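Topology and contacts: notes
Take a look at the letters that make up each chain.
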Amino acid sequence: MTRSACLIFNPVAGQGDPKQELTQILSLLTPKIDLDIKKTTKEIGADQLAQQAIKKGVKTIIASGGDGTISAVAGVLINSDIRLGIIARGTANAFASALGIPNTIEEQCQIILEGKTKVVDTALCNDKPMIVLAAIGLEAETIKQAEREMKDNLGQLAYILSGVQQLQTLEKFDVEINHENQKIRLGAIAVSIANAAPPTSFLAQGPGRTIADDGLLDITVITSDNVAETVATSYHLLQKALLNNETEHQDITHWRTKKMTITTNPPQRIAIDGDVVCQTPLTIECMPKSLTIFAPAQPSDESSKQEANLLPLNSNNKSAINVSNVKTSFAISGLLGGLLILMFFAYFLSVRGF
Ligand SMILES: Nc1ncnc2c1ncn2[C@@H]1O[C@H](COP(=O)(O)OP(=O)(O)OP(=O)(O)O)[C@@H](O)[C@H]1O
């Protein structure tokens with residue numbers, strides 16, 4: 001029997017050729033899946049199209065676009081039995097990367113065709129759905145500054161350049177976090193609350209990695225005092241994330257919890273899944289196992305979960321290192337480390353007026 005699905009396609013996402021990309025998707029999927037294709041417009045968003053598809057009774061929705069498009073569709077599918085297919089064509093593609101979904105259209109279509117599903121956590125963030133992470137401070141300001149035109153011209157480099165600009169105006173803010181009857185007060189430059197974040201979202205990587213189906217959120221607070229410390233702390237986070245190792249650093253505080261409220265002084269912007277959508281205060285709660293996605297089978301899932309449950313939060317999770325990935329990780333770490341150093345120099349050149 002032919003399967004059927006609604007394909008929600010953002011024609012302006014990413015830097016590729018959308019016509020070519022759509023043709024490729026159709027050529028891969030339509031032999032096996034009867035597709036109802038809906039394109040997003042400036043006026044009609046992916047969430048509205050998903051709601052219309054649900055009213056028609058679809059059981060599978062495939063979202064194709066950047067993190068904004070995929071997150072908008074996912075938000076509508078939370079706590080439903082409708083399956084989400086992901087074809088990521090955006091700038092960062094954090095959503096797909098965090099969930100272990102490969103990055104080519106061909107591989108992503110293959111995963112949908114294979115039909116294996118996985119149930120992952122999501123979160124409610126000031127009543128808005130969140131899949132990847134919520135960011136306050138440095139990352140939210142970086143996202144705010146990386147405008148559409150800059151992303152179109154430069155891709156991921158837009159975020160790096162925007163990050164450099166933000167470093168120049170870096171200011172600490174007071175943050176108060178309430179969770180499980182505890183009150184924590186810190187001076188912060190960045191607060192990240194992650195459900196499932198890829199290593200490249202390094203400001204969220206206090207625990208070394210996030211687990212998408214553990215029923216918990218990972219909070220990471222960066223408390224460094226100046227640019228040099230922030231760059232060093234970011235590099236430490238990135239390295240640990242690439243090795244799946246928990247961080248141990250004086251300027252990083254992190255823990256796992258189900259629900260928390262966060263207030264800041266002064267109020268700060270909040271970016272949810274890559275878009276700045278509201279301001280502090282923030283109430284955020286994990287919704288365990290609330291979204292069904294097509295995903296590759298990951299043999300490590302079960303062991304990851306056991307490790308997360310068994311290990312105390314501050315232990316160093318050395319058993320989690322995937323040795324075969326270590327070399328690749330170091331290569332990426334070196335590359336991104338180099339970029340961080342470049343950011344550091346760019347900062348000094350700019351403050352000195354070169
Ligand atoms: N046809 C369209 N014309 C103009 N804007 C559109 C259209 N369809 C969707 N949008 C806008 O695209 C944005 C979502 O883009 P999305 O996040 O999917 O891609 P991206 O920005 O390339 O990816 P990333 O978030 O990874 O950078 C929304 O703001 C939405 O309003």
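Residues numbered from 1 in each chain as written. Predicted model: local features only at pLDDT ≥ 70, side-chain atom pairs only at ≥ 80, totals over all residues.

- As recorded in an unreviewed UniProt entry, the protein goes by Methylglyoxal synthase and comes from Crocosphaera chwakensis CCY0110.

**Digging into the site of the ligand**
- The full set close to the ligand counts 20 residues, and Gly66, Gly68, Thr69, Gly90 and Thr91 are the nearest of them.
- A per-element tally of the shell around the ligand places helix H3 (residues 67-77) first, with three residues.
- The residue makeup of the shell around the ligand, split by class, is four nonpolar, 13 polar and three charged. (Near = placed C-beta within 6 Å. Helix = DSSP H or I, 4+ residues; strand = E, 2+ residues; numbered from the N terminus. Nonpolar A, V, L, I, M, F, W, Y, C, P; charged D, E, K, R; others polar.)

**Comments concerning the packing of helix H1 (residues 18-29) against helix H5 (residues 105-114)**
- The interhelical angle for the contact between H1 and H5, taken along N-to-C directions, is 35 degrees, at an axis separation of 10 Å. For the pair H1 and H5, the sense of crossing is right-handed. Together, Glu21, Gln24, Ile25, Leu28 and Leu29 of H1 and Ile105, Glu106, Cys109 and Ile112 of H5 make up the contact between the two elements.
- Across the contact of H1 with H5, the residue classes break down as six nonpolar, one polar and two charged. (Axes fitted to C-alpha atoms, helices over the stretch in contact; angles between N-to-C directions. Left-handed = near helix turned anticlockwise from the far one by under 90°. Contact = placed C-beta atoms within 7 Å.)

**Section: the pairing of strand S3 (residues 60-65)**
- With six of six residues buried, S3 lies mostly within the body of the structure.
- Residues Thr60, Ile62 and Ser64 point to one face of S3 and Ile61, Ala63 and Gly65 to the other, with burial holding for every one of them.
- Where strand S1 (residues 3-9) meets S3, four bridges bridge the pair, whose relative direction is parallel. Bridge pairing in S3 links phenylalanine 9 to serine 64.
- As paired strands, S3 and strand S4 (residues 83-88) are joined by six bridges and run parallel to one another. Bridge pairing in S4 links alanine 63 to isoleucine 86.
- Chirality of the crossover, the property in question, places the unit of S3, H3 and S4 among those that are right-handed. (Buried ≥ 20, exposed ≤ 12 C-beta atoms within 10 Å, placed from the backbone. Pairing = 2+ DSSP bridges. Right-handed = clockwise from strand over helix to strand, strands pointing away.)

**A short note on the domain arrangement of the protein**
- When cut into domains, the protein gives domain 1 (3-115) and domain 2 (128-288 + 318-348).
- Each partner contributes residues to the interface: domain 1 has 14 residues there, and domain 2 has 18 residues.
- At the level of secondary structure, the elements contributing two or more residues to the side of domain 1 that touches domain 2 comprise H3 and helix H4 (94-98).
- The element contributing the most residues to the side of domain 1 that touches domain 2 is H3, with five residues.
- When grouped by side-chain class, the residues that make up the side of domain 1 that touches domain 2 number seven nonpolar, six polar and one charged. (Domains from an automatic or database assignment.)

**Details of the environment of isoleucine 222**
- As for its position among the elements, isoleucine 222 is in strand S11 (residues 217-222).
- Under the C-beta neighbour-count criterion, isoleucine 222 is labelled buried, with 26 such atoms within 10 Å.
- Spatially, the C-alpha atoms of isoleucine 222 and alanine 204 are 9.3 Å apart, while their sequence positions differ by 18 residues.
- With near-sequence residues (within four places) excluded, isoleucine 222 lies in contact with Ala188, Ile189, Ala190, Leu203, Thr230, Thr233, Asp251 and Ile252.

**Examining the sheet that holds strand S12 (residues 252-257)**
- Spatial ordering of the open sheet is given by S12-S11-S10-S7-S14-S15, a layout of six strands whose pairing is antiparallel. The outermost strands of the open sheet, each flanked by one partner alone, are S12 and strand S15 (275-279). Strand after strand, the sheet turns through a mean of 20 degrees between neighbouring axes, direction not considered.
- When strand S7 (residues 133-137) meets strand S10 (residues 190-194), the two strands line up antiparallel, connected through five bridges. From the neighbouring strand, alanine 135 faces S10, where its bridge partner is serine 192.

**Focus on the confidence of the model for the protein**
- In the predicted model, the protein carries a mean pLDDT of 82, and 79% of its residues have values of at least 70.
- In the model, residues 300-335 has pLDDT below 50 throughout and makes 31 contacts with residues more than four positions away in sequence or in other chains.
- Taken together, the stretch residues 347-354 has pLDDT below 50 and engages in seven contacts with residues farther than four places along the chain or on a different chain.
- Two summary scores accompany this predicted model of the complex, namely pTM at 0.79 and ipTM at 0.95. (pLDDT = per-residue confidence, 0-100.)

**With respect to helix H2 (residues 46-55)**
- When we look at burial in H2, the residues that qualify are Ala46, Leu49, Ala50 and Ala53. In a view along the axis of H2, the buried residues occupy a sector of 100 degrees, so they form one face of it. Exposed and facing more than 90 degrees away from the buried side of H2 are Gln51 and Lys55.
- Packed against the buried residues of H2 are S1, strand S2 (33-39), S3 and H3. (Arc of directions from axis to C-beta.)

**Brief notes about the nonpolar core**
- Ile8, Ile61, Val73, Ile86, Phe95, Leu99 and Ala134 are the most contacted members of the largest nonpolar core, which totals 88 residues.
- Taken together, domain 1 (3-115) and domain 2 (128-288 + 318-348) each give at least three residues to this core, which thus spans both.
- If sequence neighbours within four positions are ignored, isoleucine 86 has contacts with Ala63, Ile70, Phe95, Ala96, Ile101, Gln108 and Ile293. (Core = buried A, V, L, I, M, F, W, Y, C linked by C-beta atoms within 7 Å.)

**So, the environment of lysine 42**
- Considering the arrangement of structural elements, one finds lysine 42 in the loop between S2 and H2.
- Taking C-alpha positions, lysine 42 is 18 Å from valine 76, a pair spaced 34 residues apart along the chain.

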